[in-house]
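Tertiary structure, described
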Amino acid sequence: MSTSVCWISQWSQCNEGGAPLAGRPRCQRNSCIILSFTIQPGCGIVDCTSESSEIDAKVDKRGQHSRRMFFQRILFDYSNVSVERDVIEDEINDLCVRFGMESQLSWGGDKRRRIAIFVSKYDHCLWELLLRQRAGELDCEIAMAISNHEKLRHVADTFDIPYHVFPITKDNKLEQEEKQISLIEQHNVDLLVLARYMQILSPSFCSRFQNQIINIHHSFLPAFRGGSPYHKAHERGVKLVGATAHYATTELDEGPIIEQDIMRVSHRDDVKDLVRKGRTLEKTCLTNAVKAHLDDRIITHRSKCIVFAE
């Protein structure tokens, strides 16, 4: 048996949610391994009905589902591990090659992730993120806020967050995006959060930060894509309004969905009521998605996200 197999067996004494088994001390320096692979005959996994497995939608030539995918998140404590990290990483890579797995290893405790929040004129999501971070609910540093308007500078100033304004027009959009990218890279930002940023990012921008941009859309996607979703929802007489947090991709409002939430409405609600109720959903939904990303609880598989519970 390889040393990797032994290590993973020991590390998995902390379950997927991070809670210690009975009689064991709580993890002090948590790190995380995320695994995904195709279940093959003889691999030792006969069946799995938990949230971490799924039937792959790809159909083979015989018209049958040919593959079953398995996803696992292992949280482990490395505070007392004497082996060097590069040795552990090499062993995990060897093990993944052996079993045809893909892995992502995150060493907790090294440094806090750095976030840039993109905003325009709506402030509710910005306030929520800053307050949750200050309360310790989001394990990150807010490196900056980036906007195309001056309007929300006072919010950033309240939290001593640098606020950078890049006025955007049709003529200077790509030029301003390059300046934004330069600023982001200069400050080693790990995650971009579009907190009701009312600009459509260019495909080149999105491609540069794949699975590093979280957007909040003010509707229950795939319904009411694009602009003015509350007006569209009111015209259709919907009985539910929703919000969707997803990774931004080159296709507008088509990125892998991380989090969604809904609230009941009725014919008594006008557009203003839908907007008011929707904003409550937006800020909670966006914060939950950001937290899931920071906690390494997301696996992006094709066009969807597998999100593990806390």
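Refer to the structure above for everything that follows.
Below you will find a few notes about this structure. (Residues numbered from 1 in each chain as written. Predicted model: local features only at pLDDT ≥ 70, side-chain atom pairs only at ≥ 80, totals over all residues. Heavy atoms only, no water.)

**What about the overall build of the protein?**
Basically, it comes down to this: Only DSSP runs of H or I with at least four residues qualify as helices, and only runs of E with at least two residues qualify as strands; both kinds are numbered from the N terminus onward. The rule is simple: take the accessible area with a 1.4 Å probe, protein chains only, and divide by the maximum for that residue type; under 20% is buried, over 50% is exposed, in between is partly exposed. Contacts are residue-level and defined by heavy atoms, with any inter-residue pair within 4.5 Å sufficient. Only the protein chains shown count as covering a residue, and every accessible area follows the Shrake-Rupley method with a 1.4 Å probe.
On a plain count of helices and strands, the protein comes out with eight helices and 13 strands. For the protein, with 310 residues in total, the buried portion stands at 44%. Once local pairs closer than 6 in sequence are excluded, the contacts in the protein between residues at least 24 apart make up 66%. Carbon and sulfur atoms provide 48% of the accessible area of the protein, an area that totals close to 16800 Å².

**Observations concerning the packing of aromatic side chains**
As a reminder of what qualifies: Aromatic pairs are defined between Phe, Tyr and Trp rings, using the six-membered ring for Trp, whenever the two ring centres lie within 6.5 Å; interplanar angles under 30 degrees are classed as stacked, those over 60 as edge-to-face, and all others as tilted.
Scanning all chains against the criterion turns up five aromatic pairs. Centre to centre, the rings of phenylalanine 76 and tryptophan 107 are 6.0 Å apart; their planes meet at 85°, and the pair counts as edge-to-face. Linking phenylalanine 76 in strand E3 (residues 68-77) with tryptophan 107 in the loop between strand E4 (101-106) and strand E5 (113-119), this pair joins segments that are 31 residues apart in sequence. Per residue, the accessibility class of phenylalanine 76 equals that of tryptophan 107, and both read buried. Between tryptophan 127 and phenylalanine 159, the aromatic rings sit 5.8 Å apart at their centres with planes inclined by 70°, giving edge-to-face as the arrangement. With tryptophan 127 in helix H3 (residues 124-134) and phenylalanine 159 in the loop between helix H4 (153-158) and strand E7 (163-165), this pair connects stretches of sequence that are 32 residues apart. Joined through ring pairs, the aromatic side chains of Phe118, Tyr197, Phe205 and Phe209 make up one cluster.

**Quick notes on the side chain of serine 147**
Selection criterion: Side-chain atoms alone can form a polar contact between residues adjacent in sequence; in general such a contact is a pair of N or O atoms within 3.5 Å, and within protein one must be able to donate a hydrogen while the other accepts it.
Among the structural elements, serine 147 can be located in strand E6 (residues 140-147). The buried category is assigned to serine 147, whose relative accessible area is 0%. Only 3.2 Å separates the side chain of serine 147 from the side chain of tyrosine 163, close enough to count as a polar contact. Leaving out residues up to four positions away in the same chain, serine 147 has contacts with Val119, Ser120, Tyr163, His164, Val165 and Phe166.

**With respect to the sheet that holds strand E8 (residues 191-194)**
Basically, it comes down to this: Strand pairing is assigned whenever DSSP detects at least two bridges linking the two strands. Here an axis means a line fitted to C-alpha atoms, over the contact stretch when the element is a helix, while the angle between two N-to-C directions is reported on a 0 to 180 degree scale.
Ordered in space as E7-E6-E5-E8-E9-E10-E11, the seven strands form an open sheet in which the pairing is mixed. Of all strands in the sheet, those with a lone pairing partner are E7 and strand E11 (257-264), marking the two edges. The average angle at which neighbouring strand axes cross in this sheet is 20°, direction not considered. Here four bridges tie E5 to E8, and the two strands are oriented parallel to one another.

**A few points about H3**
Two residues of an α-helix separated by three or four positions point the same way, owing to the 3.6 residues in each turn. Of all the residues in H3, the buried ones are His124, Cys125, Leu126, Glu128, Leu129, Leu130 and Gln133. Buried residues along H3 sit in contact with E5, E6, H4, E8, strand E9 (213-217) and helix H8 (271-294). Glycine 136, located one to two residues past H3, shows a positive phi value of around 85°.

**Concerning unusual backbone geometry**
Although it is not a glycine, asparagine 188 sits at a positive phi angle of roughly 55°. With respect to the secondary-structure elements, asparagine 188 resides in the loop between helix H5 (173-186) and E8. The class of asparagine 188 is exposed, set by a relative accessible area of 55%. Even without glycine at this site, aspartate 253 takes up a positive phi of about 60°. Assignment of secondary structure puts aspartate 253 in the loop between strand E10 (240-247) and E11.

**What about the nonpolar core?**
The nonpolar side chains of a soluble globular protein tend to be buried, and buried together. This is how the line gets drawn: Only buried residues count toward a nonpolar core, which is a set of Ala, Val, Leu, Ile, Met, Phe, Trp, Tyr and Cys residues joined through side-chain atoms within 4.5 Å.
Ile115, Ile117, Leu129, Leu130, Ile214, Leu286 and Val290 are the most contacted members of the largest nonpolar core, which totals 42 residues. Counting 20 residues, the second largest nonpolar core, distinct from the first, contains Ala116, Ala143, Ile146 and Leu192.

**Regarding the packing of helix H7 (residues 229-236) against H8**
Under the convention used in this document: Geometric relationships in this document are graded by angle, where less than 35 degrees denotes roughly parallel, more than 145 denotes roughly antiparallel, 65 to 115 denotes roughly perpendicular, and other angles denote oblique. Left-handed is the label given to a crossing in which the near helix is rotated counterclockwise from the far helix by less than a right angle, and right-handed is the label when the rotation is clockwise.
One way to put it is that H7 packs onto H8 with a least axis distance of 9 Å and a crossing angle of 125°. With respect to H8, the element H7 is oriented oblique. Pair H7 / H8 crosses with right-handed handedness. For the pair formed by H7 and H8, the contact residues are Tyr230, His231, Ala233 and His234 on the first element and Val271, Leu274, Val275, Gly278, Arg279 and Glu282 on the second.

**Digging into the environment of isoleucine 88**
Within the fold, isoleucine 88 resides in helix H2 (residues 85-99). Separated by 17 residues in the primary sequence, isoleucine 88 and leucine 105 have C-alpha atoms spaced 10.0 Å apart.

**Details of the pairing of E9**
The test is simple: For a crossover, the right-handed case is the one in which the path from the first strand over the helix to the second runs clockwise, viewed with the strands pointing away from the viewer.
Within E9, five of the five residues are buried, which leaves it mostly tucked inside the rest of the structure. The alternating pattern of E9 places Ile213, Asn215 and His217 and Ile214 and Ile216 on opposite faces, both of which are buried. Of the pairings in the sheet, the one linking E8 to E9 comprises three bridges and is parallel in character. Across the sheet, the residue bridging to leucine 192 is isoleucine 213, located in E9. For the crossover that starts at E8, traverses helix H6 (residues 203-208) and ends in the parallel E9, the hand is right-handed.

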